[in-house]
Amino acid sequence: MEPGSDDFLPPPECPVFEPSWAEFRDPLGYIAKIRPIAEKSGICKIRPPADWQPPFAVEVDNFRFTPRIQRLNELEAQTRVKLNYLDQIAKFWEIQGSSLKIPNVERRILDLYSLSKIVVEEGGYEAICKDRRWARVAQRLNYPPGKNIGSLLRSHYERIVYPYEMYQSGANLVQCNTRPFDNEEKDKEYKPHSIPLRQSVQPSKFNSYGRRAKRLQPDPEPTEEDIEKNPELKKLQIYGAGPKMMGLGLMAKDKTLRKKELLCSLPDKEGPECPPTVVVKEESGGDMKVEPASPKTYLESKEELSHSPEPCTKMTMRLRRNHSNAQFIESYVCRMCSRGDEDDKLLLCDGCDDNYHIFCLLPPLPEIPKGVWRCPKCVMAECKRPPEAFGFEQATREYTLQSFGEMADTFKADYFNMPVHMVPTELVEKEFWRLVNSIEEDVTVEYGADIHSKEFGSGFPVSDSKRHLTPEEEEYATSGWNLNVMPVLEQSVLCHINADISGMKVPWLYVGMVFSAFCWHIEDHWSYSINYLHWGEPKTWYGVPSLAAEHLEEVMKKLTPELFDSQPDLLHQLVTLMNPNTLMSHGVPVVRTNQCAGEFVITFPRAYHSGFNQGYNFAEAVNFCTADWLPAGRQCIEHYRRLRRYCVFSHEELICKMAACPEKLDLNLAAAVHKEMFIMVQEERRLRKALLEKGITEAEREAFELLPDDERQCIKCKTTCFLSALACYDCPDGLVCLSHINDLCKCSSSRQYLRYRYTLDELPAMLHKLKVRAESFDTWANKVRVALEVEDGRKRSLEELRALESEARERRFPNSELLQRLKNCLSEAEACVSRALGLVSGQEPGPHRVADVQMTLAELRAFLDQMSNLPCAMHQIGDVKGVLEQVEAYQAEAREALASLPSSPGLLQSLLERGRQLGVEVPEAQQLQRQVEQARWLDEVKRTLAPSARRGTLAVMRGLLVAGASVAPSPAVDKARAELQELLTIAERWEEKAHLCLEARQKHPPATLEAIIHEAENIPVHLPNIQALKEALAKARAWIADVDEIQNGDHYPCLDDLEGLVAVGRDLPVGLEELRQLELQVLTAHSWREKASKTFLKKNSCYTLLEVLCPCADAGSDSTKRSRWMEKELGLYKSDTELLGLSAQDLRDPGSVIVAFKEGEQKEKEGILQLRRTNSAKPSPLASSTTASSANSICVCGQVPAGAGALRCDLCQDWFHGRCVSVPRLLNSLRPSPPSSPLLAWWEWDTKFLCPLCMRSRRPRLETILALLVALQRLPVRLPEGEALQCLTERAISWQGRARQALASEDVSALLGRLTELRQRLQAEPRPEEPPTLPSAPASDPLREGGGKDMPKAQGLENGDSVTSPEKVAPGEGSDLELLSSLLPQLTGPVLELPEATRAPLEELMLEGDLLEVTLDENHSIWQLLQAGQPPDLERIRTLLELEKAERHGSRGRGRALERRRRRKVDRGGEGDDPAREELEPKRVRSSGPEAEEAQEEEELEEETGAEGPPQPLPTTGSPSTQENQNGLEPAPGASSGPSAPFSTLTPRLPVPCPQQPPQQQS
């Protein structure tokens, strides 16, 4: 029963080893180590360490090879037997003129071979028919019972097999149809495999290194082209109809067709009908070559067919063959009846020329058959011819690795219909054995096997001169696991063979594809083999141990005797497989493994192994031999002798070569060689003695190693001779080994002579050298054994043991167990000596030393015992004994001290110090240590808790508690720990309370904190939080004292002092009642200062309030003043208080502030006079001849003012660009108000200009300042600004009194009266024509010129607005400025005559009034008088008109842009948009004009101070009347508008914004 694919059961796994790096470094040593386990399986697998990954060194581009062709079902022995049987029976029926068709039974092809074999085993055809046992035959063929299958099998047997069996037995046929297949339409036509003929091709003829097949290569068959070119070959082709016998037709090879049916004959147009043609199978690369039945048959057939153009009958062939001798024809007689009559019915055999009557044949033939006919004797001779040896074909295509891999992967993917890497190995294994066992399926694969690495390059790096190796490659090139290195390692036997034996010493390469297989075999000379898979898919292996080798051979011979009868050394040809399950079922132990990439597989001596590849891969293999192989190698030679197989090398030569140089041999190898040499010498003595007994006495020396192997092979057993051989003088071409002396020749013994390599005297000498080398180890081992086991009672010294170890190293003794014991003993003894020295000196050096760890007493005793038990004499043992005695004495003393507790701590400490000096840990020393630590801890606790001691911290208390847990327990310790714990708990609780007081949001009053501190004072522990609380309480008390001192002083406290106290009080974690009062006072003071700042300071002013209130003490220098103003703009300049020479302490003294203020007033006046003189000397920028010089004026923009548009300050007399500063507004000064001023009263026009350097503040009215002073009086806090404001107010009131006195004088009063009359006269002049008026202008506001002509009124002036909204300006507004421009030629003056005595006092008053940062009506009245007493300044008026025109024009464009922006905001729905404010904004703001900023500042100030309307100008009368509003800070809305209003709107146009603002200022 053949196993099916589903029935295949994988054998058990072989052993797998994973060596460590230490084991992996010695390849042969590791293999010897695992041999006892692995040898039982025959094969094993070794996984190298993970990081051992040799690089692939093959040159892929240059690697080209020709693979072998393998047809899987022809590899398996039993399948091949069946195929051979089918080929023979097909040939039988082919000779009979019929093609074999194999019937199907139960949907499977009938196994004719098994049917024939079972019929024979059951007793033969007749016995089965007689006993009617065909049903049993069907059962044995695994057909189901019933269905009458037995009868069907009998029918098929009778038709197909029985005639062939009868021919085989030589019996005559009885009623056999010679054409049994004519009616079998459903049967499958059989295509002969012709395995023996087609596949007897040997391994690659291109491989010059082949060693495993030494048969001759067959001649290549002629191709179709050869036949066409050669007329002689063309004549040999068969023409005409009729069946052709295999061997007669010369067929051209068709290398391209595969599994196609070829007709061996062509039909003849005129010939008679032919019997059925023979169908022959031809495969790719296979040669349709057959051997003729005999040379005679082939030659005769060739001769007659070459002259036969017409169809051939038997008679015509016979006549043609013998046309020259007619008498010879008459002599033919029938072989059956021995008669020659009825010549027309006499048949001539085309094979042997015998004659038969057609009616004498059984069965008789009705007529003469047409075509070639064979007699029964020739048919049997052809069918019984033994097959040729089976071998592999060589493929015709040459591959590279890439092309072969593409072919292999494509084949596997197509076969399994899935990606190659996804096919399970189990599936491939089952499918492989199914295909191998199948008769029906022919699967062909290719295998690149036995590729020589010397020719194509090894997969491992090799050290040679061809190319430079990298350091990594160099490491792998010298590794013992490199298959180029392993066979020639020092422990290997093969390193003593000089020749590079391909496959044994030189690796072979293998490129596999799926299903490509290597058949059952053992290695040459039964050597080891090692295989490394470089990369690719796994390789599946099967192995059988050496003990079962003969059993495997017996099973295979038993199951397939037909193969071994024709090829006895079949298993040595690597061409035969057998299913492992079949072998296992017959008791052969088989193991398996899957070798993956990067793994080794090792086969052991005489271990059969086989396998196949799972897919595309690349492997490398080589043989190696170790000392343990030598006996197996000798047995192999005997085995080869019996099989008459060639040797790869001479085993005797190898042994003798190693024996000649014994000093180079490894010791184990020397011992093994000595044993082999001894057996070999004994056998040689016996053989040479038998030669003498035969009478052969002649001899000559022969250097056999110099002869080629084929010249020194025994002609009988093919053994390669070395020690001796028998030759003959008369037959020089051959020789025999001494085991076959009777098979040399038939010549006389006297002509035969002995050829020897060594004499019998030389061989013992070589043996003795080996013995000395081998026994040197035994001598040394005996010495070591005596020394280690102290057999003679004398311990050796360390020097003697070291000498023995050195001897082993020098003589290269193997690393045996004895040597390891010696090394261990030496290592242990040296360690003991080192440890003993360290013990005596108080420390343990070397690897035994551990910091602060001493040897225990038990360890000391064990150490002493260890030194005593060592087989080595050491004088240090006495020192160790002395130490032990000291330790024991100390131990007794310590016990006595511990027994008399409580001892003094000093005594215990001294004992402890002595114990430490011993270097040995004594148990009592630990008890002493605990007692000492306990006493120390108690003393420390006592000191810490003593009343006189410094208080310890909480960390100290916790540390004592932790340390107390580790000391020896006692009542005193427990009591002290309890006290510590209680104290620590109380302290932590008070610390927590203090922490809460320090961190709590609600602060506690000082009394509460004082109570907590008082309670915590009783705890003898330093508490950080309590200490912090105590410090905070002390600070609070000091703070309260400071507050009381300030509050009870002579003066009100300064704001700075109160702010400092508030800041300190807020940081204290104590609840302070006084803090709230101080905070309220500071807040009130800040509120007043902020109000004062808004009253005085312009928006975004760079001055502080104190600077504005104090006089400018250094106003005397123009450059100093200007630079000072620029520095203030940049925030760089010091305050005026500092310039006044006041320190922070001086500001606290009111007297100092007043004195400094008075001094500052005088300095300011002197300085401004000096500045006026300086600036008056500067050239006017209006002059055309002005040139740039250092004396020129410099505007606030930093440029020299020149040309039209320049204005001179009325106070400092310096020049400025009109566009850079705030200038007076003429139209504002002319707006209607009761009583209105006529247009030609030019002295009332607002043309007064003060530069931003002279006018530093808003200059509020005196009434507003007085309201601030009233609020200041209610403050319980002193501010420097308050004192400065008082000084400023006093100065203003003083000046106001002097001004009123001057205005009330008789001269000045008269001048004022004249001005009033003049004004009334201008108003009373009749106006014939009413000029256009502004929409809001009252009708009673006429404008008259001095000459009495009617003048148009000014238009577009909104009451109270300094800037009109551009979009609301009336169409006539633009002409107002033109009207004023047209009036300029009509202006005349002076209108008053001012005597110098009157003018000088007024100018001095005017100067002092302009220095005041206060708005006073008297100042305006004096200015009008001075104006009326001089001609009108037409140049300034023109400049002002031009500036106003330019500003008006720019305002319209900016107003439209603002309106568009406002509308976009409304469209976007912007938050906080106030339509009313948007509408008013253009009236109050000019984007680029300084007046807009001033107007906005005034409105903000009015809103903050509660004003109901804008400040009104004072009347032009000499004694202005003012009216306070509800809050007393502003004049009544009805007050007459005076010329002072424009002055309050003059703010400097600052080129650079101030980066720093004082904290009191609010924008």
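Above this text you will find the structure in question.
Since the structure is predicted, the reported quantities are computational estimates derived from the model, not experimental observations. Along each chain, the written sequence defines residue order, and numbers are assigned to residues from 1. Owing to the predicted nature of the model, reporting of local features is limited to residues with pLDDT of at least 70; listing and counting of side-chain atom pairs is limited to 80 or more, with chain, interface and lining totals taken over all residues. Note: side-chain values were computed over all heavy atoms of the structure, leaving out hydrogens and water.

**Q** I'd love a proper account of the overall build of the protein, names of residues and values included.
**A** Helix and strand assignments come from DSSP, with helices taken as H or I runs of at least 4 residues and strands as E runs of at least 2, each series counted from the N terminus. Counting its regular elements, the protein contains 53 helices and 35 strands. Throughout, exposure labels follow a simple rule: accessible area from a 1.4 Å probe, protein chains only, divided by the maximum for the residue type, with under 20% read as buried, over 50% as exposed, and the rest as partly exposed. Counting the 1563 residues in the protein, one finds 52% classified as buried. Any pair of residues with heavy atoms lying within 4.5 Å of one another is described as a contacting pair. Across the protein, the fraction of contacts at a sequence separation of at least 24, relative to all contacts at a separation of at least 6, is 75%. Each accessible area is a Shrake-Rupley estimate made with a 1.4 Å probe; only the visible protein chains count as cover when residues are assessed. By element, 51% of the accessible surface of the protein is carried by carbon and sulfur atoms, the whole surface being about 73,900 Å².

**Q** Please provide a residue-by-residue account of the nonpolar core, values included.
**A** In this description, a nonpolar core means a group of buried Ala, Val, Leu, Ile, Met, Phe, Trp, Tyr and Cys residues linked to one another through side-chain atoms lying within 4.5 Å. Within the largest apolar cluster, 127 residues are counted, with the highest numbers of intra-cluster contacts made by Leu1023, Trp1088, Phe1096, Cys1209, Phe1216, Ile1422 and Leu1425. Sequence-distant contacts of Ile1422, that is, excluding residues within four places in its chain, are made with Trp1295, Ala1299, Leu1303, Leu1402, Leu1405 and Met1406. Ranked by size, the runner-up nonpolar core spans 90 residues in total, among them Ala138, Trp526, Leu563 and Cys636.

**Q** I'd like to hear about the sheet that holds strand β19 (residues 539-544), residue by residue, with values.
**A** At least two bridges found by DSSP between two strands is the condition for calling them paired. Here 4 strands make up an open sheet; going across it, the order is β17-β22-β19-β20 and the pairing antiparallel. Edge positions in the sheet fall to β17 (517-521) and β20 (591-595), since each has one partner strand and no second. Across this sheet, the average inter-strand angle for adjacent strands is 15°, counted without regard to direction. As paired strands, β19 and β20 are joined by 5 bridges and run antiparallel to one another. Bridged to Tyr542 within β20 is Arg592. Every axis corresponds to a line fitted to the C-alpha atoms, with the helix fit spanning only the stretch in contact, and the corresponding angles, defined between N-to-C directions, vary from 0 to 180 degrees. Relative to strand β22 (residues 608-613), helix α16 (residues 425-436) is tilted by about 110°, and along the sheet it contacts β17, β19, β20 and β22.

**Q** Describe unusual backbone geometry, with residues and values.
**A** Residues other than glycine predominantly adopt negative phi, and peptide bonds predominantly adopt the trans conformation. Residue Arg132 is not a glycine yet carries a positive backbone phi of 55°. Position of Arg132 among the secondary structure elements: in the loop between α5 (125-131) and α6 (134-140). Judged by its relative accessible area of 75%, Arg132 falls in the exposed class. The backbone of Gln1213 sits at a positive phi, close to 65°, despite the residue not being glycine. Within the element layout of this structure, Gln1213 appears in the loop between β34 (1206-1208) and β35 (1215-1217).

**Q** Before we move on, could you go through the pattern of salt bridges and cite the residues and values that matter?
**A** Any Lys or Arg side-chain nitrogen located within 4 Å of an Asp or Glu carboxyl oxygen qualifies as a salt bridge. In total, this model carries 55 salt bridges according to the counting rule given. Here Glu23 and Lys33 are joined by a salt bridge, their closest N and O atoms 2.6 Å apart. Placement of Glu23 in helix α1 (residues 21-24) and of Lys33 in helix α2 (residues 27-38) is noted, with a sequence separation of 10 residues between them. According to the relative accessible area criterion, Lys33 is exposed, its value standing at 53%. A salt bridge links Arg154 to Glu158; the nearest nitrogen and oxygen atoms lie 2.9 Å apart.

**Q** Lay out the environment of Leu1311 in plain terms, naming residues and giving numbers.
**A** Secondary-structure assignment places Leu1311 in helix α46 (residues 1306-1324). As a C-alpha pair, Leu1311 and Leu1392 span 81 residues in sequence and 7.2 Å in three-dimensional space. Ignoring any residue separated from it by four or fewer positions in sequence, one finds Leu1311 in contact with Leu1392, Glu1393, Leu1394, Thr1398 and Leu1425.

**Q** Got a sec to walk through the pairing of strand β2 (residues 43-46)? Specific residues and values, please.
**A** Along any regular strand the residues' side chains alternate between the sheet's two faces. Here β2 shows no split at all, with Ile43 and Lys45 on one side and Cys44 and Ile46 on the other all buried. Sheet topology places strand β1 (residues 16-17) next to β2; 2 bridges connect them, and they run parallel. Paired with Phe17 across the bridge in β2 is Ile46. In this structure, β2 lies alongside strand β21 (residues 600-603), joined through 4 bridges in antiparallel fashion. Bridging from a neighbouring strand, Lys45 pairs with Val601 of β21.

**Q** Go over the state of the cysteines with me, naming the residues and quoting the values.
**A** The disulfide criterion used throughout: a pair of cysteine sulfur atoms within 2.5 Å. Evaluation of the coordinates by the stated rule reveals 0 disulfides. With no disulfide of its own, Cys1212 lies 3.6 Å from the sulfur of Cys1251, the closest cysteine sulfur. Cys1212 gets classed as buried once you look at its relative accessible area, which sits at 2%. Unpaired in this structure, Cys1254 has its nearest cysteine sulfur neighbour in Cys1251, at a distance of 3.4 Å.

**Q** Break down the pairing of β17 for me, with residues and values.
**A** Counting buried positions along β17 yields 5 of 5 residues, so the element is predominantly enclosed. Here 3 bridges tie β17 to β22, and the two strands are oriented antiparallel to one another. Bridged to His521 within β22 is His609.

**Q** So what's going on with helix α49 (residues 1417-1428)? Which residues, and what values?
**A** Here α49 is 12 residues long and its end C-alpha atoms lie 17 Å apart, about the 16 Å a rise of 1.5 Å per residue gives. Of all 12 residues in α49, 12 are buried; the element is thus mostly enclosed. To estimate the expected span of a helix, count its residues, drop one, and scale the result by 1.5 Å.

**Q** An account of a positive patch on the surface is requested, with residue identities and associated values reported.
**A** A contiguous patch of positive charge on the surface is contributed by Arg1456, Arg1460, Arg1461, Arg1464 and Lys1465. As for its placement among the helices and strands, Lys1465 is situated in helix α50 (residues 1434-1468). Since its relative accessible area comes to 32%, Lys1465 is described here as partly exposed. Here the term patch refers to residues with relative accessible area over 30% and no salt bridge, with like charges joined within 9 Å and nonpolar side chains (Val, Leu, Ile, Met, Phe, Trp, Tyr) within 5 Å. Charged residues are defined narrowly, with Lys and Arg counted positive, Asp and Glu counted negative, and His plus the chain ends left uncounted. Note that the charge is assigned to NZ on lysines, CZ on arginines, CG on aspartates and CD on glutamates.

**Q** Break down the sheet that holds strand β25 (residues 724-728) for me, with residues and values.
**A** In spatial order, the strands read β24-β27-β25-β26; together these 4 strands make up an open sheet with mixed pairing. The outermost strands of the open sheet, each flanked by one partner alone, are β24 (699-701) and β26 (735-736). In this sheet, strand β27 (residues 752-756) lies alongside β25 in antiparallel orientation, the contact comprising 5 bridges. If you follow Ala727 over to β27, its bridge partner there is Tyr753. Along the sheet face, helix α24 (residues 667-694) touches β25 and β27 and points at about 160° away from the line of β27.

**Q** Describe the packing of aromatic side chains, with residues and values.
**A** Any two rings among Phe, Tyr and Trp, with Trp reduced to its six-membered ring, count as a pair given centres within 6.5 Å; such a pair is stacked if its planes are under 30 degrees apart, edge-to-face if over 60, and tilted if neither. Summed over the entire model, instances satisfying the criterion amount to 44 aromatic pairs. With a centroid separation of 4.7 Å and 5° between ring planes, the pair formed by Phe24 and Trp481 is classed as stacked. Here the residue Phe24 occupies a position in helix α1, and Trp481 occupies one in the loop between α18 (471-477) and β16 (508-512), the gap between them amounting to 457 residues. A connected cluster of aromatic rings, assembled from ring pairs, spans Phe8, Phe411, Tyr415, Phe416, Phe432, Trp433, Phe515, Tyr542 and Phe612. Note on criteria: charge over ring means Lys NZ or Arg CZ within 6 Å of the ring centre, with the direction from the centre no more than 35 degrees off the ring normal. Here the guanidinium or amino end of Arg108 rests over the ring plane of Tyr143, the centre of that ring lying 4.3 Å away. Positioned above the aromatic ring of Tyr1103 is the side chain of Arg1256, whose terminal nitrogen or guanidinium carbon lies 5.9 Å from the ring centre.

**Q** Describe helix α27 (residues 817-841), naming the residues involved and giving the relevant values.
**A** Taking 1.5 Å per residue as the helical rise, α27 with its 25 residues ought to reach 36 Å, and the 36 Å between its terminal C-alpha atoms agrees with that figure. Along α27, the residues classified as buried are Leu818, Leu819, Leu822, Cys825, Leu826, Ala829, Cys832, Val833, Arg835, Ala836, Gly838 and Leu839.

**Q** Break down the environment of Leu1426 for me, citing the residues and quoting the values.
**A** If you trace the backbone, Leu1426 turns up in helix α49. With 32 residues separating them along the chain, Leu1426 and Leu1394 place their C-alpha atoms 8.0 Å apart. Excluding anything up to four places from it in sequence, Leu1426 contacts Leu1394, Arg1399, Leu1402, Glu1403 and Met1406.

**Q** If you had to explain the side chain of Ser724 to someone new, which residues and values would you point to?
**A** Its location among the elements puts Ser724 in strand β25. Exposure remark for Ser724: the relative accessible area of 6% places this residue in the buried category. Here a polar contact means two N or O atoms within 3.5 Å. Within protein one must be a hydrogen donor candidate and the other an acceptor candidate, and residues neighboring in sequence count only if both atoms are side-chain atoms. Of note is the side chain of Ser724, whose polar atom sits 2.5 Å from the side chain of Glu684. If we skip the residues at most four places from it in the chain, Ser724 touches Glu684, Arg688, Phe704, Leu738, Leu754, Arg755 and Tyr756.

**Q** Just give me the short version of the packing of helix α22 (residues 630-643) against α24, but keep the residues and values in it.
**A** It is at 10 Å that the axes of α22 and α24 come closest, and there the two elements cross at 30°. The angle between α22 and α24 places the two elements in the roughly parallel class. Contacts from Leu630, Pro631 and Arg634 in α22 reach Leu669, Ala672, Val673, Glu676 and Ile679 in α24. Tallied by class, the residues present in the contact of α22 with α24 amount to 6 nonpolar, no polar and 2 charged. An angle below 35 degrees is treated as roughly parallel, one above 145 as roughly antiparallel, one from 65 to 115 as roughly perpendicular, and anything else as oblique. As a working rule, the residues Ala, Val, Leu, Ile, Met, Phe, Trp, Tyr, Cys and Pro are called nonpolar, Asp, Glu, Lys and Arg charged, and the rest polar, with Gly in that last group.

**Q** Tell me about the environment of Gln854, and name the residues and values.
**A** Residue position: Gln854 is located in the loop between α27 and β29 (855-856). For the pair Gln854 and Gly919, spaced 65 residues apart in the sequence, the C-alpha separation amounts to 5.9 Å. Not counting the four nearest positions on each side in its chain, Gln854 is found in contact with Glu859, Arg916, Gly919, Val920 and Glu921.

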